[in-house]
Amino acid sequence: MQYQTESWGSYKMKNLGFGGVGMADTGLLRIESLASESAVVIFSVSTCCMCHAVKGLFRGMGVSPAVHELDLHPYGGDIQRALIRLLGCSGASSPGALPVVFIGGKLVGAMDRVMASHINGTLVPLLKDAGALWL
């Protein structure tokens, strides 16, 4: 089985279809802004072993991701709740909710999707297309 980010969630944040800016949408707006600041953006928690592993994967490939440690960010709670909504997880403690990775401003997903893309060979082309790798 091949996972492709295009079929799961490769879309720009503006295409999410959310209406006006309400309290619930501020987290999404923050995500949109932060996710577009670098070729690879990782939303993480500083004490999470899976977050540490995905950061190590990208750094080991020669990619310098922008990392946002939500437990240290002033709006981390809002951002994490919005990420959970984007991923369709049921709660803040949902397994697999973090880390969340964006490449080229597009949502790739949590650790399972990143690793599946790495294993099936679709991660490197995504990184090249985003300008994060020059192999």
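The name an unreviewed UniProt entry gives the protein chain is Glutaredoxin-C7, with Cardamine amara subsp. amara as the organism. One UniProt comment on the protein chain, placed under Sequence similarities (unreviewed entry), says "Belongs to the glutaredoxin family. CC-type subfamily." Here the protein chain is described in UniProt, under the heading Subcellular location (unreviewed entry), as follows: "Cytoplasm".

## Comments concerning the nonpolar core
Grouped together as the largest cluster of nonpolar side chains are 20 residues, with contacts concentrated most on Ile31, Phe43, Ile79, Leu83, Leu98, Val100 and Phe102. Elements with a minimum of two residues in this core: helix H2 (25-35), strand S1 (40-44), helix H4 (76-87), strand S3 (100-103) and strand S4 (106-110). For this core, the element with the most residues is H4, which contributes 5 residues. Ignoring anything within four residues of it in the chain, the contact list for leucine 83 reads Ile31, Phe43, Leu70, Leu98, Val100 and Phe102. In terms of nonpolar packing, the next biggest core, distinct from the first, is built from 17 residues, Val54, Leu57, Val108 and Leu126 among them.

## Quick look at the pattern of salt bridges
Under the defined criterion, the tally for this structure stands at 2 salt bridges. Notably, a salt bridge pairs glutamate 69 with lysine 55, separated by 2.6 Å at the nearest N-O pair. On the criterion of sequence distance, the pair formed by glutamate 69 in strand S2 (residues 66-69) and lysine 55 in helix H3 (residues 49-60) is long-range, its members being 14 residues apart. The exposure class of lysine 55 is buried, given its relative accessible area of 8%. A salt bridge links arginine 81 to aspartate 78; its shortest N-O distance comes to 2.6 Å. Here arginine 81 pairs with aspartate 78, and both are found in helix H4, just 3 residues apart, close to one helical turn.

## A few points about the state of the cysteines
Counted according to the given criterion, the structure contains 0 disulfides. For cysteine 49, which is in no disulfide, the shortest distance to another cysteine sulfur is to cysteine 48 and amounts to 5.5 Å. With no disulfide partner, cysteine 51 has as its closest neighbouring cysteine sulfur the one in cysteine 48, 3.1 Å distant. Residue cysteine 51 is classed as buried on the basis of its relative accessible area, which comes to 0%.

## Quick notes on unusual backbone geometry
With omega at 5 degrees, the peptide bond leading from leucine 98 into proline 99 counts as cis. Summarising the element assignment, proline 99 is placed in the loop between H4 and S3.

## Here we look at H4
Its 12 residues give H4 an end-to-end C-alpha distance of 16 Å, which sits within 8% of 16 Å, the value for a rise of 1.5 Å per residue. Where H4 is concerned, the buried positions are Gly76, Ile79, Gln80, Ala82, Leu83, Ile84, Leu86 and Leu87. A positive phi of about 75 degrees marks glycine 88, the residue just after H4.

## Description of the environment of leucine 127
Looking at the secondary structure, you find leucine 127 in helix H6 (residues 123-130). Overall, leucine 127 belongs to the buried group, its relative accessible area being 0%. Distance in space between the C-alpha atoms of leucine 127 and valine 63 is 8.4 Å, their sequence separation being 64 residues. Leucine 127 has contacts with Val40, Phe58, Met61, Val63, Ile103, Ala132 and Leu133, leaving out every residue within four places of it along the chain.

Rules behind the numbers
Residues numbered from 1 in each chain as written. Predicted model: local features only at pLDDT ≥ 70, side-chain atom pairs only at ≥ 80, totals over all residues. Heavy atoms only, no water. UniProt positions renumbered as here; feature names shortened; annotations may be inferred. Core = buried A, V, L, I, M, F, W, Y, C linked by side-chain atoms within 4.5 Å. Buried < 20%, exposed > 50% of the residue type's maximum accessible area, 1.4 Å probe, protein only. Helix = DSSP H or I, 4+ residues; strand = E, 2+ residues; numbered from the N terminus. Contact = heavy atoms within 4.5 Å. Salt bridge = Lys/Arg side-chain N within 4 Å of Asp/Glu carboxyl O. Disulfide = S-S within 2.5 Å. Expected span 1.5 Å × (residues − 1).

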